[in-house]
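# An overview of the molecular structure
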Amino acid sequence: MGNRSHILKPAVPRRVLFFAAAGVWTYAAVRVFGLAYDFAPEGPMPLWMVVVVGLAGIAVFFNFVFLKISRKYIARIAGMEQKNPCIFAFFAWKSYLMIAVMATMGILSVRFEIIPLYLQGIFYIALSGSLLLSALMFINAGFLYKDPDSKHSGSVVEDKTG
């Protein structure tokens, strides 16, 4: 059975994991921005003010939450021992569970209007911008990753396992 699971595993080089993670973060950023686009105009504040507060929220949200998370997962990918890990290994399984819980909370928040829609718009502007900046970090790390098994790769992000 162990051999069959190895055959079915969608293995990719570690460098690809950086770009796969960037793709997931970008997809999430676009979807969340769609919510921001829908909800930001709904409220007593002028749209420009909602956007400015949302942009300020990006700075706060990214610096205090996503920067740490992105660095953690970039280091996780760079430090993997497997030469060709599973394409879904850019996150730990607990992170997939956390993403599912957060998505469910977002859906319920929209469905039951727990907070006013324009405030959700501000939050979603901050969240989508933070996700996009994280995606850019993964893209950058993918280009700069120095694979210890290759002689011609980048030089900044290095695998520290060997």
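As the structure is a prediction and not an experimental result, all values here were calculated from the model.

Conventions adopted
- Residues numbered from 1 in each chain as written.
- Predicted model: local features only at pLDDT ≥ 70, side-chain atom pairs only at ≥ 80, totals over all residues.
- Heavy atoms only, no water.
- Helix = DSSP H or I, 4+ residues; strand = E, 2+ residues; numbered from the N terminus.
- Buried < 20%, exposed > 50% of the residue type's maximum accessible area, 1.4 Å probe, protein only.
- Contact = heavy atoms within 4.5 Å.
- Phe/Tyr/Trp six-rings, centres within 6.5 Å; stacked < 30°, edge-to-face > 60°.

Summarising the element assignment, S130 is placed in helix α5 (residues 117-144). Judged by relative accessible area, S130 falls into the buried class, the value being 0%. The contacts of S130, once residues within four sequence positions are left out, are I58, F61, F62 and F66.

As a further point, take the environment of N140. Mapped onto the elements of the fold, N140 is located in helix α5. According to the relative accessible area criterion, N140 is partly exposed, its value standing at 44%. Considered as a pair, N140 and F19 are 121 residues apart in the sequence and their alpha carbons are 9.1 Å apart.

The final tally for this structure, using the stated rule, is 13 aromatic pairs. Ring geometry for W25 against F91: centres 5.7 Å apart, planes inclined by 85 degrees, an arrangement best described as edge-to-face. One end of the pair, W25, is in helix α2 (residues 14-39); the other, F91, is in the loop between α3 (47-78) and α4 (93-112), and 66 residues separate them in sequence. In this pair, the class of W25 matches that of F91, namely buried.

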